[in-house]
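Observations on the three-dimensional arrangement
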Amino acid sequence: MIDEGYVKYKCLWDSRIFENVELKSLNKARNLMHKMGLIGQYEKLGIGFGNISCRNPLDSKQFIISGTNTGEIKKLGAEHYSLVTSCNIKENTVSCAGLVEASSESMTHSVIYGLSELNNAVIHVHNLSMWKRLQYLIPTTTITTSYGTPEMAEQVIDLYNSTELSEKRILAMAGHCEGIISFGETLEQASDTIIEYYKYC
């Protein structure tokens, strides 16, 4: 069952465009994931899936992420990205700025950045074959944990501290059909991890 496209946190949104930053590397990685069909839209449902982010080069405590429901757009512009300025797991809130609200998976991206200063890029993709084959072969969240929730964020932290997640830099989301997340020091590294496992599957 597809559970996708719905923001589950309270969004504190400043709809003004955020300060312009270089999006070339972000777009390059996102275009590749979209071309591979790992970010896109479920046509019959009209719901987008997948998202991508990187640290804000102007402020390492912030990150830039593709906006909610932008999966169907082939190539993104600055207006399709959101700047996440803070997240609060306990209060289930995400503060962001831009012409579009931040992705529904922003809280999970946030905790990954908080786990290590070496984590500078996060990619969330969907692929049924990868998802089915990789569950429990790589660090995997529980089947009862929904995407975009404080529970998911907390599970990612637990996996990072208790499994090989910090080394493998990829996880499966058992409770989020088709969901896979990778991260890395660079967007290229995060993309390469996805591609490596995509070929494996």
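Along every chain, residues carry numbers that run from 1 in the direction the sequence is written. Thresholds applied to this predicted model are a pLDDT of at least 70 for local features of residues and 80 or more for the giving and counting of side-chain atom pairs; totals over whole chains, interfaces and linings are not thresholded and use all residues. Hydrogen atoms and water are omitted, and side-chain values are computed over all heavy atoms in the structure.

Here we look at the packing of helix H1 (residues 24-35) against helix H6 (residues 187-200)
The test is simple: Interaxial angles span 0 to 180 degrees and are taken between N-to-C directions of axes, which are lines fitted to C-alpha atoms, for helices over the stretch in contact. Secondary structure elements are taken from DSSP: a helix is a run of H or I of four residues or more, a strand is a run of E of two residues or more, and numbering for both begins at the N terminus. Here roughly perpendicular refers to angles of 65 to 115 degrees, roughly parallel to angles under 35, roughly antiparallel to angles over 145, and oblique to all remaining angles. Whether two residues are in contact is decided by their heavy atoms: any pair within 4.5 Å suffices. Ten residues, namely Ala, Val, Leu, Ile, Met, Phe, Trp, Tyr, Cys and Pro, are considered nonpolar, four, namely Asp, Glu, Lys and Arg, are considered charged, and the remaining ones, Gly among them, are considered polar.
For the pair H1 and H6, interaxial distance at closest approach is 10 Å and the crossing angle is 10 degrees. Taken together, H1 and H6 sit at an angle that is classed as roughly parallel. When H1 is examined against H6, the residues Ser25, Leu26, Ala29, Leu32 and Met33 are found in contact with a partner set consisting of Leu187, Ser191, Ile194 and Ile195. Considering only residue class, the contact of H1 with H6 consists of 7 nonpolar, 2 polar and no charged.

Some thoughts on the pattern of salt bridges
For clarity, the cut-off: By convention in these notes, a salt bridge is any Lys or Arg side-chain nitrogen within 4 Å of a carboxyl oxygen on Asp or Glu. Only protein chains enter the accessibility calculation, which uses a 1.4 Å probe. A residue is then buried if its area is under 20% of the maximum for its type, exposed if over 50%, and partly exposed in between.
One pass over the structure, following the stated rule, counts 3 salt bridges. Of the charged contacts in the structure, one is a salt bridge between Glu185 and Arg169, with a shortest N-O distance of 3.6 Å. Of this pair, Glu185 sits in the loop between strand E11 (179-184) and H6 while Arg169 sits in the loop between helix H5 (165-168) and strand E10 (170-173), placing them 16 residues apart in sequence. Look at Glu185 and you get partly exposed, because its relative accessible area is 35%. For Arg169, a relative accessible area of 17% puts it in the buried group.

Topic: the layout of surface pockets
Heads up, the condition is: Points on a 1 Å grid over protein atoms alone make up a cavity when a 1.4 Å probe fits among them but cannot get out, and a pocket when they form an open set with protein on both sides within 12 Å along at least five of seven lines; lining residues each have an atom within 4 Å of a point. Grid points are joined across faces, edges and corners, and a volume is the space filled by probe spheres set on the points.
Estimated volume of the largest pocket: approximately 230 Å³. Forming the boundary of the largest pocket are Lys24, Ser25, Lys28, Ala29, Leu32, Leu187, Glu188, Ser191, Asp192 and Ile195. Mapped onto the lining of the largest pocket, the elements with two or more residues apiece are H1 and H6. Here the lining of the largest pocket is composed, by residue class, of 4 nonpolar, 2 polar and 4 charged.

As for the pairing of strand E5 (residues 59-66)
Formally: Pairing between two strands requires that DSSP report at least two bridges joining them.
Bridge count for strand E4 (residues 51-56) against E5 is 4 bridges, and the pairing is antiparallel. Paired with Ser53 across the two strands is Ile65, which belongs to E5. Here E4 folds back onto E5 in antiparallel fashion, the turn holding 2 residues. With 4 bridges joining them, E5 and strand E6 (residues 81-88) adopt antiparallel strand pairing. For Ile64, the partnering residue across the bridge sits in E6 and is Leu83.

Structural notes on the nonpolar core
Our working rule: For our purposes a nonpolar core is just a set of buried Ala, Val, Leu, Ile, Met, Phe, Trp, Tyr and Cys residues, chained together by side-chain atoms within 4.5 Å.
Membership of the largest hydrophobic core comes to 31 residues, with the highest contact counts inside it found for Leu26, Met33, Ile64, Val125 and Ile180. Those elements giving two or more residues to this core turn out to be H1, E4, E6, strand E8 (121-126), helix H3 (128-134), E10 and H6. Among the elements that take part in this core, H6 stands out by supplying 5 residues, more than any other. Counting 23 residues, the second-largest nonpolar core is a separate cluster that includes Tyr9, Ile65, Cys96 and Tyr147.

Here's the deal with the sheet that holds E8
The 9 strands are arranged E1-E7-E6-E5-E4-E8-E11-E10-E9 in an open sheet whose pairing can be described as mixed. The open sheet has two free edges, formed respectively by strand E1 (10-14) and strand E9 (140-141), since each of these has just one partner strand. Each of E4, E8, E10 and E11 touches H6; the most contacted strand, E11, lies at about 140 degrees to it.

A word on the side chain of Thr108
Its location among the elements puts Thr108 in helix H2 (residues 106-115). If sequence neighbours within four positions are ignored, Thr108 has contacts with Gly148, Met152, Val156 and Ile181.

Examining the packing of aromatic side chains
Note the following rule: Pairs were defined over the aromatic rings of Phe, Tyr and Trp, the Trp ring being its six-membered one, requiring ring centres within 6.5 Å. Orientation was assigned from the angle between planes: stacked under 30 degrees, edge-to-face over 60, tilted for the rest.
Scanning the model with the defined rule gives 3 aromatic pairs in all. Between Phe63 and Tyr113, the ring centres sit 5.0 Å apart and the planes meet at 35 degrees, which makes this aromatic pair tilted. With Phe63 in strand E5 and Tyr113 in helix H2, this pair connects stretches of sequence that are 50 residues apart. Comparing Phe63 with Tyr113 shows no difference in burial state: the two are buried.

Structural notes on the state of the cysteines
By definition, a disulfide links two cysteine residues through a covalent bond between their sulfur atoms. Which entries qualify depends on this criterion: Disulfides are defined as cysteine sulfur pairs within 2.5 Å.
Overall, the coordinates contain 0 disulfides when judged by the stated rule. The thiol sulfur of Cys11 is not disulfide-bonded, and the nearest other cysteine sulfur, from Cys96, lies at 3.6 Å. Residue Cys11 is classed as partly exposed on the basis of its relative accessible area, which comes to 23%.

Honestly, it's all geometry; don't read function into it.
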